[in-house]
Amino acid sequence: MTTTTAAPSDATVLTPRARTVARRGLFWAGVGLVCILVVTATLLLTRGGAASDLLLDPSSAAPTGAKAVAQVLREQGVDVILPEGYDEAIAESGEPGTTLAIYDPSGYLSAGRLTALTEQAEDAVLLSPGFRQLQAVAPGVNAAGTADPDEILDAGCDLAVADRAGSISAGPLLDIPGNPDAVGCFPAKTGGFGLVTIPDGGDTLSLLGPADLLSNDAVILHGNAALALGLLGGTDRLVWFLPSVADVEATGPPTLQELTPTWLVPVTSLLAITVLVAMFWRGRRFGPLVAEDLPVTVPSGETMEGRSRLYQRTAARTRAIDALRIGTVGRLGNALGLSRHASVPEVSDAVASVLGRNPNEIRSILLDTLPTSERDVVALSDALLDLETAVIAAVDPRPPTTAR
Amino acid sequence: MTVSGRFVALVALGVVPVIALGLVTGEPGAVLGAWLLFVLALGILDLSLAASPRLVTTSRSLPPRTRLGETVLSELYLTNRGRRTLRGIVRDAWQPSAGAAVTRARVSIPSGERRLVSVPLTPFRRGERTVELVTVRSFGPLGLWARQATLKSPGRIRVLPPFHARKHLPSRLARLRELDGATSVMVRGQGTEFDSLREYVRGDDVRSIDWRATARRRDVVVRTWRPERDRRVVLVLDTGRTSAARIADEPRIDTAFEASLLLAALATRAGDRVDLLAYDRRMRARVQGATGADLMAKMVDALAPVEPELLEMDWAAVPALVRGVTSQRSLIVLLTSIDAPGASTALLSVLPQLTKRHVVVVASVTDPAALEASRQRGNRDEVYLAAAAERALLDISRVSDAIRQMGAEVVTASPSELPPALADRYLALKAAGRL
């Protein structure tokens, strides 16, 4: 077997070139791009007018937002800055010529942070300040309930800003029992003021009770707009800060995040990337799979076993024992040299005479007894086997061994 | 494109700079990004420096055929036509049952040179074993990334039936020589051929004295006889549904191959002409008009790719096929399975057409497990199994009786016994001058 066959030396390359793959993928890449564009456009179109959940959000055009004021201020040349968090707010408000507006109805800012912010900024405006905020920045000013919503508050003071506005909508009121420096404007019939300003050196701290007047909904009423522009547009820059949960100062034991080393997340990401690379390494197929037709495998004993289970399940005892008897009778006939066509009684009689046993007994084993139970079947089968052994021993021409 | 384990290790090694430099700079995330960019750049560099696997040409050197169970060497030559040295791994994609010991080999082929990849094959299935593809994975100098291409490189090797039964051949050939007239044991009889005249020696059969020649030569002369020669033997193999059954871990069809090979080897030495047909509903293999060593080579070659088909054997077509092969009286050997009477009706219905003109032998494998099961009667389950086995044996003996009644001979034996049994039956027929 040394014959040699050489395949054509010009082997064809089956793997497509990277260029071909790219060209083939171009269509689907285009389809994907179009899909992404469509989804993005749809999102932009549908989400563009969606209201933000935040109250007095300067970027929200919802009725509760404050985009109108912010937009007008921008048009007037005021640089409206919307800081993302406390750190940015305090950094932005440090610059000279900055007004800081804080609206924190949920009280996320701690007293210290609030104080720091108001002190940092030149002018500060607290919109609807709560009890704790007042405690922190203006200890002498108290909350004084809420005015009748139908009431219109008139300026009632000689502050230029208030004077220009004339009248504003009512809302939460502030009282100034313990602060002689504070100036209250827009007094309500029930007592208390809508706006309180506290001069602090060159800076001014304004506390506006009915902050809702800044909302897109209410800013067009009365002199709301004029007050808003006057309060917030006094300087070239306005930092409009809406504190969120992220600005809550953490207290108590250090969190898990503080305890974990800084490199933990990068290292776990690196391990995850390594696992992905390893999967690619092990999963990359070394060429296509090789197909091969395999032959059918048919175990030959299947029908035999199936038939035996069938006998057993249907308790076909007579049929089973008949099969055994036919086999035994055939072999006995052969051993005794009878014709192949010898009948069962003939074989039975011949066996009886060879073994010297009662013909009826032999006949009952070979023909007559009908098995009525499983035990009978096993007993009969044993008897048939014994009979066969005995006959073969009896007709064996060799002398019996001494052991028998 | 693919990556190596070395590249995975390199990526994992990034843990060290991410922690160490991360603690120093305080920006472990940035260090991670930088490391990833670094390994990516290394990988791309490595890939761009790797030799192109597309520029490899292949050629094969294969023995055209081998016997089942023997080991041959498949040689694959790879020529690097590119300008860079190719370092990488080559996969020779043989079919699983070609029994390739190793399918992957490391190679390093300098530009313009040729290297040999030899794979020892020990096929474990008969038939055509093929290989279509060679995949080359070429690593860059750093061994990080690799280029991969699959090249078409067809090759095939024909795995011939093993013919284990040839161990029985010498003894049968000796028996055949005994039949030869030279040993003067032949009796006169129908069908033996007159060979020559020679002087009488003591021990010769007096009935073989040729009185006319004795009268002419004035010496006692006997006729000698030799076995008939130039008879036809037609082997018909059933490759239908039932030939797929495995008996004693050998499909019936393989036993039939062994038996037909032994018989053909014996018959061709005895001077007979052997034809072979493997058939179910279509002709699967046919060997006609070959003699001597050529016959055996053609037979194993023709039988090698034959597999059992999931079809019922079309016995009705067999007489016409046999008529197509020979019109003279021949020995027809049907290698099939004798099962239940119902399944053998088709065979029984065409037998008379064959036995009218020819001597017919039906050879079938019996299941030694059935015989064993009929003796095993320890418990209830075994008794029922024994009953089923007895029933199966009874069915076989009934069908065998029916076949004998139609004038055909029956040879049944276990898979290892069938080939010699069939050869013995052939010798017996020859000795009796019935061919």
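What you are looking at is a predicted structure, and each value in this text was computed from that prediction instead of being measured.

Analysis parameters
Residues numbered from 1 in each chain as written. Chains lettered and ligands numbered in written order. Predicted model: local features only at pLDDT ≥ 70, side-chain atom pairs only at ≥ 80, totals over all residues. Heavy atoms only, no water. Buried < 20%, exposed > 50% of the residue type's maximum accessible area, 1.4 Å probe, protein only. Helix = DSSP H or I, 4+ residues; strand = E, 2+ residues; numbered from the N terminus. Arc of directions from axis to C-beta. Contact = heavy atoms within 4.5 Å. Buried area = accessible area lost by both parts, 1.4 Å probe. Salt bridge = Lys/Arg side-chain N within 4 Å of Asp/Glu carboxyl O. Polar contact = N/O pair within 3.5 Å; in protein donor to acceptor, adjacent residues only side chain to side chain. Nonpolar A, V, L, I, M, F, W, Y, C, P; charged D, E, K, R; others polar. Pairing = 2+ DSSP bridges. Lys, Arg positive; Asp, Glu negative; His and termini not counted. UniProt positions renumbered as here; feature names shortened; annotations may be inferred. Disulfide = S-S within 2.5 Å.

1. Things to note about helix α4 (residues 111–120) of chain A
Residues and elements named next belong to chain A.
So, point 1. When we look at burial in α4, the residues that qualify are Arg113, Leu114, Leu117 and Thr118. Projected onto a plane normal to the axis of α4, the buried residues spread over an arc of 130° and lie on a single side.
So, point 2. Those residues of α4 that are buried lie in contact with α3 (86–93), β2 (98–103), β3 (123–127), α5 (131–137), β10 (203–208) and β11 (237–241).

2. Things to note about the interface of chain A and chain B
So, point 1. The interface of chain A with chain B comprises 68 residues on the first partner and 77 residues on the second.
So, point 2. For the pair chain A and chain B, the summed buried surface comes to about 6500 Å²; carbon and sulfur atoms form 63% of the total.
So, point 3. On the surface where chain A and chain B come into contact, there are 7 salt bridges.
So, point 4. A:Glu374 serves as the salt-bridge partner of B:Arg380, at 3.5 Å between the closest nitrogen and oxygen.
So, point 5. There are 20 residue pairs in polar contact (both at pLDDT 80 or more) connecting chain A and chain B.
So, point 6. Taken together, the elements giving at least two residues each to the side of chain A that touches chain B come down to α9 (264–283), β12 (298–299), α10 (302–313), α11 (317–335) and α14 (374–395) of chain A.
So, point 7. Looking at the side of chain A that touches chain B element by element, the count peaks at 11 residues for α9(A).
So, point 8. Class assignment of the residues belonging to the side of chain A that touches chain B gives a composition of 38 nonpolar, 17 polar and 13 charged.
So, point 9. One ladder, built from 2 bridges, connects β12(A) with strand β13 (residues 245–247) of chain B; its direction is parallel. If you follow A:Val298 over to β13(B), its bridge partner there is B:Ala245.

3. Looking at the side chain of B:Arg91
So, point 1. Counting through the fold element by element, B:Arg91 comes out in strand β5 (residues 86–94).
So, point 2. There is no salt bridge for the buried B:Arg91, and the closest opposite charge comes from B:Asp92, which lies 8.2 Å off by N-O distance.
So, point 3. Within the structure, the side chain of B:Arg91 is placed 3.0 Å from the backbone oxygen of A:Pro288, a separation counted as a polar contact.
So, point 4. What B:Arg91 contacts, discounting residues up to four positions off in sequence, is A:Phe286, A:Gly287, A:Pro288, A:Val290, B:Thr103, B:Arg104, B:Leu133, B:Val134 and B:Thr135.

4. Details of the UniProt feature "transmembrane region" (unreviewed entry) in chain B
All names here are of chain B.
So, point 1. Under the UniProt annotation, the feature "transmembrane region" (unreviewed entry) is placed at residues 7–26 and 32–51.
So, point 2. Structurally, residues 7–26 comprises 90% helix and 0% strand, and the distance from its first C-alpha atom to its last is 27 Å.
So, point 3. Along residues 32–51 the backbone is 90% helical and 0% strand, and the end-to-end C-alpha distance reaches 31 Å.

5. Remarks on the side chain of A:Ser215
So, point 1. Tracing the backbone through its elements, the reader meets A:Ser215 in the loop between β10 and α7 (224–232).
So, point 2. Looking at A:Ser215, its side chain comes within polar contact range of the main-chain oxygen of A:Asp212, at 2.8 Å.

6. Let's talk about the state of the cysteines
Residue and element names in this part refer to chain A.
So, point 1. In total, this model carries 1 disulfide over all chains according to the counting rule given.
So, point 2. Bridging Cys157 to Cys185, the disulfide has an S-S length of 1.9 Å. For the disulfide bridge between Cys157 and Cys185, the dihedral angle about the S-S bond is near 95°, and by the sign convention the bridge is right-handed. One end of the pair, Cys157, is in the loop between β5 (152–154) and α6 (160–165); the other, Cys185, is in strand β8 (residues 183–187), and 28 residues separate them in sequence.

7. Structural notes on the UniProt feature "transmembrane region" (unreviewed entry) in chain A
Residues and elements named next belong to chain A.
So, point 1. Here, the residues flagged by UniProt with the feature "transmembrane region" (unreviewed entry) are residues 26–45 and 263–281.
So, point 2. Split by type, residues 26–45 is 100% helix and 0% strand. Its first and last C-alpha atoms lie 28 Å apart.
So, point 3. For residues 263–281, the end-to-end C-alpha separation is 26 Å, with 95% helix and 0% strand making up the annotated structure.

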